[in-house]
Amino acid sequence: MTASAWLEVLDETLDACRSHGREDLVQRLRRRRDRPPGVTRIAVLGFPKQGKGYLVNAVLNAPVCSVGDAATPAVPVEIGYSAQPAATLVGRADERVPVPVERLTGELGARPPGSLRRVEVGVPRELLSAGLVLVDTPAIGDPRSPRTAAALDVLADADAVVLVSDATTPLSEAEVALAHHVRTWCPHVVVALTKIDVCPSWRAVAERDRALLAGAGIDSPVLPVSATVRMAAAKAGDQDLNSRSGFPPLLAWIAEQAARPPEHTSAVLAALSVRAATAELVETLRARAELAGQDAGVDQTTLLHRAQRKADELRKRNTRWQNLLADEIADLQSDAEYDLRERTRKIVETIDETFDKGDPVKVWDEFGPWLDKTLAEAVETNYNFTADRAEWIAQAVAAAFGAQYDLHDLRLGESGAELIADVRQPRIEGFKIGQKLFTGLRGSYGGVLMFGLVTSLAGLPLINPVSLGAGAAFAAKTISDEGGMRLQRRQAVAKMTAQRHVDDVFLRFSKECRDAIRGVQRKLRDHFTALAEELADQLARERETIIAGSAERERRMVKLRREIERLAGLHQRAGELGVLAGRAPRELPA
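Keep in mind that what you see is a predicted model, and the values were worked out from it rather than measured.

*Asks:* What am I meant to see in the overall build of the protein chain here?
*Replies:* When helices and strands are counted, the protein chain shows 15 helices and nine strands. Expected size for 590 residues packed as a compact globule is a radius of gyration near 25 Å; at 57 Å, the protein chain overshoots this value by more than 25%. Taking the principal axes of its C-alpha atoms as reference, the protein chain extends roughly 195 × 55 × 45 Å. Every one of the 590 residues in the protein chain was classed for burial, and the buried ones make up 44%. Working note: accessible area of the protein chain is about 31,300 Å², and carbon and sulfur atoms make up 56% of it. Of the charged side chains in the protein chain, 78 are positive and 81 negative, and the gap between their average positions amounts to 1 Å.

Given below as structure tokens:
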């Protein structure tokens, strides 16, 4: 396999990751592509208190990493070859600060959290002289912690991984999951089973770990080791003890990684990284396609039926509110007119009672203001009744249409009761003294003449005491009769004037009341007609959106399927490159 072949596949996968917004995958693939030649990086990963630092120190036979209760760095420690021991702190902006090796722990503790990117340590060890770099990582813990992220980030440019687990217990589910994740991104993984010197049952644990790894589909060897025995053997120069430490197989595995041809390693790493990245992208796209499929489960027919039910309900509501409005307005007009009529009728009855007994000449000054005030109160009361009833009708129609609509500006205007003209006082003639004297003389003349002629038959003169007395009696009666007739005429005129004024007020305000009610009817009709038309337009647009949305979903599904097929093709091509590089590919799940 040529370098251009896997570079082409790697770059195409980079573009795919970039187009799908997976910057994390872009960074990993870019680091894999740009890895420096001639360097083999072996990362050492593990959960806390598994003996990871002891193992690295034992491999190098030097106290490089913090062990025991000493604080471990929160960033990776890269240990490479150097003729003299040296240490460098690399900051977030790639600034480099050399520090003495013996003060490395103190310098790390003095740095603020998050200020460093990594620590580089150089030691004069032959194992590292061929370009091998051991990377001690922070302990794996909470998936959301920066330490875990920094540890897993090392996988982007690791050629091999030593996964550390102690022999006290078999691999936990989290450790198996970590091994599976590491194996996805790195082709060469070994499980170092530490602390076998303090765990008599380490052989059973090792067998259990091999079974767990095999069950998870992870073809990684399990190598039992003891860092304590290894350090003791190195101190004593005892080769037999060193063999029993288990480190020779581990060192042989490390040497095998460092001895691989660079072209072979680069091709395998590129193929595996491409397959891992495309697998993550395909998983994401399949989840998106499944979600789109669930949306499509509420298919177009269901959505259209739902929209049709809304339209049918809108038509029913239109019929309900229109019938309700027509009935209530008709009832309101009848009730308002009857109310005003009833109030004015009672006023007319009071007018009749007043002038049946009273003389307009005497009572009109008091009667006129009372009539004006009573009529104004009747009109105002009738107006308030009409206004309240109109508001109730508006709310009832709104409830029939949909209670979510806020009605306003439906109140009637001013009643206009203060504009009612004062009742006009009729022309009332009194019975003055001169008129009474003339009427009395006219009546006395008839009495004197009639009784004078009768008494003249008896020989008496025409004017005598009898005829004079009769004349006086006739004069008094004539004055009384004339006064009564004049009073009745005044009462009739006063009644007629007052009743005509009441009728005028009734006609005027009953007309204004009907006009106001029709105005309310028109406002409600226009208001709810506009709302009904707006809702009908919304339903029409919703229907169009449903039809257009189905087509858009189908287009998205087709696009997702094509993208999944393209990524599956990249996955397949990476697998073929892996085969050419001497490694069997892992098939992409269907």
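Having put the structure on the table, let's press on.
*Asks:* What exactly am I supposed to notice about the pairing of strand 8 (residues 188-194) here?
*Replies:* A regular strand carries its side chains on alternate faces of the sheet. Burial analysis of strand 8 places seven of its seven residues in the buried class, the great majority of the element. Residues H188, V190, A192 and T194 point to one face of strand 8 and V189, V191 and L193 to the other, with burial holding for every one of them. Pairing between strand 7 (residues 160-166) and strand 8: seven bridges, direction parallel. In the strand pairing of strand 8, A160 is matched with H188. Chirality of the crossover, the property in question, places the unit of strand 7, helix 6 (residues 173-185) and strand 8 among those that are right-handed. Sheet topology places strand 8 next to strand 9 (residues 222-224); three bridges connect them, and they run parallel. Pairing of V191 across the sheet is with V222, part of strand 9.

*Asks:* Can you help me understand the side chain of D159 in this one?
*Replies:* Note on placement: D159 falls in the loop between helix 5 (146-153) and strand 7. A polar contact of 2.7 Å, which involves the side chain of D159, links it to the backbone nitrogen of R41. In this view, D159 contacts R35, V39, T40, R41, C186, P187, H188, T265 and L269; residues no more than four positions away in its chain are not counted.

*Asks:* Would you mind going over the pattern of salt bridges with me for this structure?
*Replies:* When the charged atoms of two side chains with opposite charge come close together, those side chains can pair. Here the structure, examined in full by the defined rule, presents 41 salt bridges. In this structure, E482 engages R486 in a salt bridge whose closest nitrogen and oxygen atoms are separated by 3.2 Å. Remark: R486 and E482 occur in helix 15 (residues 465-580); sequence separation between them is four residues, near one turn of the helix. Comparing E482 with R486 shows no difference in burial state: the two are buried. Put simply, R31, R41, E78, R96, R118, E120, D153 and D157 are held in one network by salt bridges that share partners.

*Asks:* It is not clear to me how the packing of aromatic side chains should be interpreted in this structure. Could you clarify?
*Replies:* The way to describe two aromatic rings as a pair is by their centre distance and the angle between their planes. Under the defined criterion, the tally for this structure stands at seven aromatic pairs. Look at W364 and F367: their rings are 5.2 Å apart centre to centre, the planes differ by 50°, and that puts the pair in the tilted class. Here W364 and its partner F367 are both found in helix 13 (residues 360-401), three residues apart, which amounts to about one turn of the helix. What makes W364 buried here is its relative accessible area of 4%.

*Asks:* In this structure, what is going on with unusual backbone geometry? I would like to understand it.
*Replies:* Negative phi is the rule for most residues except glycine; trans is the rule for most peptide bonds. For K49, which is not glycine, the phi torsion reads 65° and is therefore positive. Along the chain, K49 falls in the loop between strand 1 (40-46) and helix 3 (52-60). K49 gets classed as exposed once you look at its relative accessible area, which sits at 61%. Phi is positive for D94, close to 65°, though the residue is something other than glycine. Secondary-structure assignment places D94 in the loop between strand 3 (86-91) and strand 4 (96-99).

*Asks:* What should I look at first to understand the sheet that holds strand 3 in this one?
*Replies:* Pairing between the strands of a sheet comes from backbone hydrogen bonds, and it takes one of two forms, parallel or antiparallel. Across the sheet, which stays open at both edges, the nine strands sit in the order 4-3-5-2-6-1-7-8-9 with mixed pairing between neighbours. On the outer flanks of this sheet lie strand 4 and strand 9, each paired with one strand and no other. The sheet shows a mean angle of 25° between the axes of neighbouring strands, direction not considered. Two strands pair when backbone bridges link them, and strand 3 and strand 5 (residues 116-123) are joined in this way by six bridges, in the antiparallel orientation. Within the sheet, the bridge partner assigned to L89 lies in strand 5 and is V119. Along the sheet, helix 3 makes contact with strand 1, strand 2 (77-81), strand 6 (132-136), strand 7 and strand 8, crossing strand 1 at roughly 145°.

The rules behind these values
- Residues numbered from 1 in each chain as written.
- Predicted model: local features only at pLDDT ≥ 70, side-chain atom pairs only at ≥ 80, totals over all residues.
- Heavy atoms only, no water.
- Helix = DSSP H or I, 4+ residues; strand = E, 2+ residues; numbered from the N terminus.
- Rg over C-alpha atoms; globule rule 2.2 N^0.38 Å.
- Buried < 20%, exposed > 50% of the residue type's maximum accessible area, 1.4 Å probe, protein only.
- Areas by Shrake-Rupley, 256 points an atom, 1.4 Å probe, with all protein chains shown as cover.
- Lys, Arg positive; Asp, Glu negative; His and termini not counted.
- Charge placed at Lys NZ, Arg CZ, Asp CG, Glu CD.
- Pairing = 2+ DSSP bridges.
- Right-handed = clockwise from strand over helix to strand, strands pointing away.
- Polar contact = N/O pair within 3.5 Å; in protein donor to acceptor, adjacent residues only side chain to side chain.
- Contact = heavy atoms within 4.5 Å.
- Salt bridge = Lys/Arg side-chain N within 4 Å of Asp/Glu carboxyl O.
- Phe/Tyr/Trp six-rings, centres within 6.5 Å; stacked < 30°, edge-to-face > 60°.
- Axes fitted to C-alpha atoms, helices over the stretch in contact; angles between N-to-C directions.

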